[in-house]
Amino acid sequence: MSALVEINFDGIIGPSHNYAGLSIGNIASSTNAGATAYPREAALQGIAKMRHNLALGLVQGFFMPLDRPNSRWLKILGTTVESAEPHLRAVAFSASSMWAANAATVSPAPDAPDGKCHLTVANLQTMPHRSHEWPGTFSQLEMAFSNRDHFSVHAPVPSPFGDEGAANHMRLCPGHDAPGLEIFVFGKSGGPFPARQHIEASKAVARKHRLDPDRVIFAQQAEIAIAAGAFHNDVVAVANERVLFTHEQAFEQPDALYDAIRSTLPDAEIIIVPADKVSLADAIKSYLFNAQLVSLPDEGGMALILPSEARENEAVWRYLTDLVAGNGSIRRLCPVDVRQSMANGGGPACLRLRVVADPGTVDPRFLATPEKLDAIARVVGDHWPKSIHPDQLSDPELIENVAMARDRLLAACGLSELDR
Ligand code: SUG
């Protein structure tokens, strides 16, 4: 008998973390363009979040940062890190694989007819700095989930269909180990901003995972939500087990979505946050929906692992404290400090990929223990750059240090065989 549980795999924040303003439509990324970033502090914040979640009794995994700057990709473009134009160098330097929610879309084994957990690597083709992540991510997922009796890792959906992975996918189910209802959220337009998840990509993923069409919903993201800065649906909605926690303006046709959910899962708990209590602007600034909504193994009920920014917004915090005082499933609020990632538009939920699996079937090198996190934190403390300003990206010493720092981490985790 296998014990299927939710495992959160966090992207370890890489040594090249910087603010180059590469993501149009992501307000934090644009606002902080040109600021000094603190990669060491950023990675330690991410590690502290993993420690926090382990202490709650949750199963925690991690992924290595990708090799940056990506000189192989620059080579395909006929250039090198040294001679690339500054904008292209910044694109090659991005540490964006930290946002593991965009690594892949995951359909757990109970949803698939072959009884395997299916993962499709996201092509992330809309943003140039993210479009070259997938080969590194693919190799890593193939290694972590190499047990072919339990996992099937699929190559990305081809261009031109944009796929941003689990950030636009939600699963509702009576329990993680029971068949679920998978909701694929796509965008059509977003005012001045691109819709990054295309319906053709979502449909292709559902087909490749061989999901039961009666247990799949395709829902359109509200145009106003994308235009307000919700470049991924997980900025305005999050689901866990029977609970959907969503902003009232997240979806283009919310009532049709809620009805479709209730007809498959009559006891779904749909918590709709009204715009007159929390505006879209406040939701996007505070990232309250980019929380990890988790079931607490020890005490029962659910908790929201929120960015500390949510506590600082009066309207948001008032709403949340009222919510947990009620009779619903969400009983606990746990703010965590991931400010360095937040300044590039990535909250607690962006930093993790959820995989429902028996931990015994996952390559143990990717699973966290407090001791392993201590060892990772030591490598980060010793080798991650303290700060990076975008003007420094051409500095040969920085380029070398970033590569060396990652090599040290791979070695510490027994993962040096991961490709460069
Ligand atoms: O793709 N930021 C990421 C943030 C991803 C958040 N993920 C989820 N919502 N799941 C993005 O926009 C900023 C990079 C820069 O500007 O340097 C960036 O890529």
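Provided above is the structure to which this section pertains.
Treat the numbers as computed from the prediction; the structure is a model and nothing was measured.

Reading the values: the criteria
- Numbers given for residues are sequential positions, taken from 1 along each chain in its written order.
- Reporting in this predicted model follows two pLDDT cut-offs: at least 70 for local features of residues, and 80 or more for side-chain atom pairs to be given and counted; totals over whole chains, interfaces and linings ignore these cut-offs and use all residues.
- The side-chain figures draw on all heavy atoms in the structure; neither hydrogens nor water molecules are used.
- Runs of H or I in DSSP of at least four residues are treated as helices and runs of E of at least two as strands, each being numbered from the N terminus.
- The atom set for the radius of gyration is the C-alpha atoms, and the globule formula is 2.2 Å times the number of residues raised to the power 0.38.
- The buried label applies to any residue whose accessible area, calculated with a 1.4 Å probe on protein chains only, is under 20% of its type's maximum; exposed applies above 50%, and partly exposed to all values in between.
- Contact between two residues is taken to exist if any of their heavy atoms lie within 4.5 Å; hydrogens are not considered.
- The working definition used for a salt bridge is a side-chain nitrogen of Lys or Arg within 4 Å of a carboxyl oxygen of Asp or Glu.
- A pocket, in this scheme, is an open set of points on a 1 Å grid over the protein atoms alone with protein on both sides within 12 Å along at least 5 of 7 lines, while a cavity is a set where a 1.4 Å probe fits but cannot get out; residues line either one if an atom lies within 4 Å of a point.
- Grid points are joined across faces, edges and corners, and a volume is the space filled by probe spheres set on the points.
- Three residue categories are used. Nonpolar comprises Ala, Val, Leu, Ile, Met, Phe, Trp, Tyr, Cys and Pro, charged comprises Asp, Glu, Lys and Arg, and polar comprises the others, including Gly.

A. Representation of the overall build of the protein chain in the model. Looking only at helices and strands, the protein chain features 15 helices and 15 strands. Radius of gyration (C-alpha) of the protein chain: 20 Å, near the 22 Å computed for a compact globule of 420 residues. With respect to the principal axes defined by its C-alpha atoms, the protein chain has extents near 60 × 50 × 40 Å. Considering the protein chain as a whole, with its 420 residues, one finds that 59% of them fall into the buried category. Expressed as a percentage of contacts within the protein chain between residues at least 6 apart in sequence, the contacts between residues at least 24 apart total 77%.

B. Region of the structure containing the pattern of salt bridges. Taken as a whole, this structure holds 16 salt bridges when the rule is applied. As a salt-bridge pair, Glu-164 and Arg-196 come within 3.2 Å of each other at their nearest N and O atoms. One end of the pair, Glu-164, is in the loop between strand S5 (151–154) and strand S6 (169–172); the other, Arg-196, is in the loop between strand S7 (181–186) and helix H7 (199–208), and 32 residues separate them in sequence. Across the pair, Arg-196 and Glu-164 agree in class, each one buried. A salt bridge links Arg-318 to Glu-314; the shortest N-O distance between them is 3.5 Å. Within this pair, Arg-318 and its partner Glu-314 are both found in helix H12 (residues 314–325), separated by 4 residues, close to a single helical turn. Its relative accessible area of 64% is what places Glu-314 among the exposed residues. One salt-bridge network, in which partners are shared between bridges, spans Glu-309, Glu-312, Asp-337 and Arg-339.

C. Region of interest: empty space enclosed by the protein. Counting across every chain of the model gives 5 cavities of 30 Å³ or more. Counted as a void, the largest cavity has a volume near 310 Å³. Ala-166, His-169, Met-170, Arg-171 and Arg-354 are the residues nearest the centre of the largest cavity, which is lined by 24 residues in total. For the lining of the largest cavity, the elements supplying multiple residues, two or more each, are S6, strand S9 (237–240) and strand S15 (352–357). Tallied by class, the residues present in the lining of the largest cavity amount to 13 nonpolar, 5 polar and 6 charged. Computed from the structure, the second largest cavity encloses a volume of approximately 200 Å³. Of the residues contributing to the lining of the second largest cavity, the split by class is 8 nonpolar, 14 polar and 2 charged.

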